[in-house]
Amino acid sequence: MSEAVEQVNAVLDRMGAPGALAPRLLAALGPGAAADLDANPWLLLRLPQVTVEQADFCARRRLGDAARPDDPRRLAALTAHVLRLAARRGNTVVEEKRLAAAVGKLGVAAPAAALEAAAADGSAVVLESTDEPDDDFDFEEGGVPELPEDTDRYYALADVGGAEQRLGEELLRLISGNDPIMDTATAGETVEAAEERGGFSVSDRTREAVVTAALRPVTVLSHGPGDAGEIARALLCLHAIAADSRVGIAVAAPTAQAAAALDAEIARIRGTDAGTGDGPAREASGEGDRGAAPAPDGDPGDGSGAAEGEDFGAPGAPEEAEKDGGDGEEGSPQGGEDAGDGPAAPAPLRAVPLAALTAGAPLTAGLVVLCEAMSVGAARAAELAAACPDGAHLVLVADPHQAPSAAPGRVALDIAASRTAHVAEIAGAEAPGPLAELAAAVAAGGVPEVEAPGREVVRVPASSAEEAAHRVVQLVTDSIPRALGIGAEDVQVVAAREDGPAGTRSLNAGCKERLNPGPGAHGGFDVGDRVLLAAAGPGFVPGDTGYLREVAGEAVVELSGGARVRVADPAALRHGWAVTVAAAHGGLWPAVVAVFPPEVPVSRPQVYTALTRATRHVSVVDATAGALEAGVRDNAALERSTLLVRILREG
């Protein structure tokens, strides 16, 4: 135990709080945690597991009669507590009246005084806006919208509100550049040349989207399920535009596994190996190729579900495409100099994890693309926008039907709604496969049975949470590897909750017992365990998954693509065979087992996001007794309170 942890532990002991909270409080409060906590016991509320009643008890133990209900320290802490709860639900701000009402429900007699106390001690920041979204206003009709007379006041945690403000400022900086990379005609010709050179074609809508990205400084390119191949083709066209115009391109994905999946799809389209850029490509995505090889055990069945021990009957397994260490500095131009009469061939297009890209800031690329952008919150988006040089074009590739990010914000949707950026659509011309067909149906409010001759989709009913857990472990460790040829290391369990018999904790315990049994010698972990990174650090972000390779002072985790990162804080690690939908957002895996236990809230974006984490196969383990269908039908959206639209419009 470090000296700093011991000091915090001593303070906790004096106020009657468990010493186990010390490491987390040190991480939350920083180097001066012991002194700060000793002076203000209500800072215990910085931890989500601490209740207001517990914090009040500890304050009375430490401060005695000085621990008054109207103590400004308490009022500020309660206000910040409400704001943290809101941020955990994805909100960046809370409107003043709503915040006062929520603080009042905690028993605060004078909520206005609590809000003032939070603003005075820096626990919260006050943000004002005079913009009033006018969704019915049509600019083509002429005139100007009426301006509201009143100023709206919002409160935010300093880091959350500040991140959204910075994002707005950086986006406005990019938008003000407004210089096209290419003119419309030249961009269209470059796309046609890229199609001819690459031996592929894109749809008319995708061609228009690519040209829009070349013309406009900030663009949101929307897409739907099953468009992985068309996205890869669009990226290759953007790569050609960046090379011909000599501005360079940088392509990022939120996590290492998403970057690896994107590289594999690009390699499949190019007909090359994802690791080297040369030679025949290894098969990457079952949704990209509609044909299916004969099942290994005969008749593939009808796709309606699998009994215990039953083979699925599936296409042959692809080898895992691996991404090697890269080909030069991320963000550097990939066009090269002319060699002779014609331009040199650009370096192969590679995607990198967003953390790796922003670590190299400032970027030099004139075209910066972020895929899976719905999973990125305001803070990480602000880092990316700030890394872009003046005059760069920023492109966000996003599926609007997905759930918003686990972190506060709804970046892609807000940028599109602001009307300060341009919106276009990537849409493939090919018929959707079974996985995309099911996801599209969910987006429309239904959960139908779909024809899946290659077992791309399997529905697995369960009568209880315990049966659901049994089915999940069986699918991961036996049925999917044996029948589909997808190894357990490429199967990700995505669960609707953390607790309970079919939550991530229990499912991880079951998977570990089968896949990497051991005593948990390193704080509950063993070398070889699959892990989820729940915090950010050098080279990794929340949501990255990998395998624990070493524990020698620090944990060494190998991510998808082979990169190894060092994790100093043990609290950043979770077992990762099973993760929540929020943790899975931004990642892509060949196979996903989506599990929905009884009595769990279900929404349409949640189910859609779980399904679209899979590139080849999804098994849906359903123990909801009809609640899955009802949730998809009735709970269509996850609302959030943000200010980005107003920031962009007022800028």
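Just so we're clear, the structure is a prediction, and the values are computed from it rather than from any experiment.

(A) Spotlight on the sheet that holds strand E11 (residues 491–495). A sheet is described by the order of its strands in space; here five strands give the open sequence E10-E19-E18-E11-E17, paired in parallel fashion. For this open sheet the edge positions go to strand E10 (457–461) and strand E17 (578–580), each flanked by a neighbour on one side alone. Neighbour-to-neighbour, the strand axes of this sheet turn through a mean angle of 25°, independent of strand direction. As paired strands, E10 and strand E19 (residues 614–622) are joined by five bridges and run parallel to one another.

(B) Highlighting the packing of helix H9 (residues 184–198) against helix H11 (residues 228–245). Contact geometry of H9 with H11 gives a least axis separation of 9 Å together with a crossing angle of 120°. By the angle between their axes, H9 is oblique relative to H11. Here the hand of the crossing between H9 and H11 comes out right-handed. Between H9 and H11, the residues in contact are Ala187, Thr190, Val191, Ala194 and Arg197 and Cys237, Ala240, Ile241 and Asp244, respectively. Within the contact of H9 with H11, the residues separate by chemical class into six nonpolar, one polar and two charged.

(C) Here's a closer look at the sheet that holds strand E2 (residues 125–129). Taken in spatial order, the three strands of this open sheet run E1-E3-E2, and their pairing is antiparallel. Every interior strand has two partners, whereas the edge strands, strand E1 (94–95) and E2, have only one. Alignment of E2 against strand E3 (residues 152–156), held across five bridges, turns out to be antiparallel. Along E3, the bridge assignment pairs Glu128 with Arg153.

(D) Expanded view of the environment of Ala77. Turning to its location among the elements, Ala77 is positioned in helix H5 (residues 72–88). With a relative accessible area of 7%, Ala77 lands in the buried category. The sequence separation of Ala77 and Ser123 amounts to 46 residues, and the corresponding C-alpha distance is 7.3 Å. In contact with Ala77, not counting residues within four places along its chain, are Trp42, Leu45 and Arg84.

(E) Expanded view of helix H10 (residues 204–215). With twelve residues, H10 should reach 16 Å at 1.5 Å per residue; the first-to-last C-alpha distance of 17 Å fits that figure. What H10 keeps buried is the set Thr206, Ala209, Val210, Val211, Thr212, Ala213, Ala214 and Leu215. Buried residues in H10 make contact with H9, strand E4 (218–222), H11, strand E7 (367–370), strand E8 (393–398) and strand E9 (422–425).

(F) Representation of the packing of helix H8 (residues 158–177) against helix H14 (residues 378–387). Two elements in contact, H8 and H14, have axes whose closest approach is 8 Å; the angle formed by their N-to-C orientations is 30°. Once H8 is placed against H14, the crossing between them reads as left-handed. Packed against H8, whose contacting residues are Ala163, Glu164, Arg166, Leu167, Glu170, Arg173 and Leu174, the element H14 presents Ala378, Ala379, Ala381, Ala382, Ala385 and Ala386 at the interface.

(G) Examining the environment of Ala392 more closely. With respect to the helices and strands, Ala392 occurs in the loop between H14 and E8. Put simply, Ala392 and Gly366 are 26 residues apart on the chain and 4.3 Å apart in space, counted from C-alpha to C-alpha. Residues contacting Ala392, with those up to four places away along its chain left out, are Leu174, Pro217, Ala365 and Gly366.

(H) Region of interest: the nonpolar core. Among the nonpolar cores identified, the biggest contains 45 residues, and Val8, Leu12, Met15, Leu25, Leu37, Leu44 and Leu99 are the most heavily contacted of them. Of all the secondary structure elements, the ones that give two or more residues to this core are helix H1 (3–14), helix H2 (22–29), helix H3 (33–39), helix H4 (52–63), H5, helix H6 (96–104) and helix H7 (111–120). Of all the elements, H5 adds the most residues to this core, at nine residues. Setting aside chain neighbours within four positions, we find Val8 in contact with Ala22, Leu25, Ala33, Ala34 and Leu37.

What counts and how
Residues numbered from 1 in each chain as written. Predicted model: local features only at pLDDT ≥ 70, side-chain atom pairs only at ≥ 80, totals over all residues. Heavy atoms only, no water. Pairing = 2+ DSSP bridges. Helix = DSSP H or I, 4+ residues; strand = E, 2+ residues; numbered from the N terminus. Axes fitted to C-alpha atoms, helices over the stretch in contact; angles between N-to-C directions. Parallel < 35°, antiparallel > 145°, perpendicular 65-115°, else oblique. Left-handed = near helix turned anticlockwise from the far one by under 90°. Contact = heavy atoms within 4.5 Å. Nonpolar A, V, L, I, M, F, W, Y, C, P; charged D, E, K, R; others polar. Buried < 20%, exposed > 50% of the residue type's maximum accessible area, 1.4 Å probe, protein only. Expected span 1.5 Å × (residues − 1). Core = buried A, V, L, I, M, F, W, Y, C linked by side-chain atoms within 4.5 Å.

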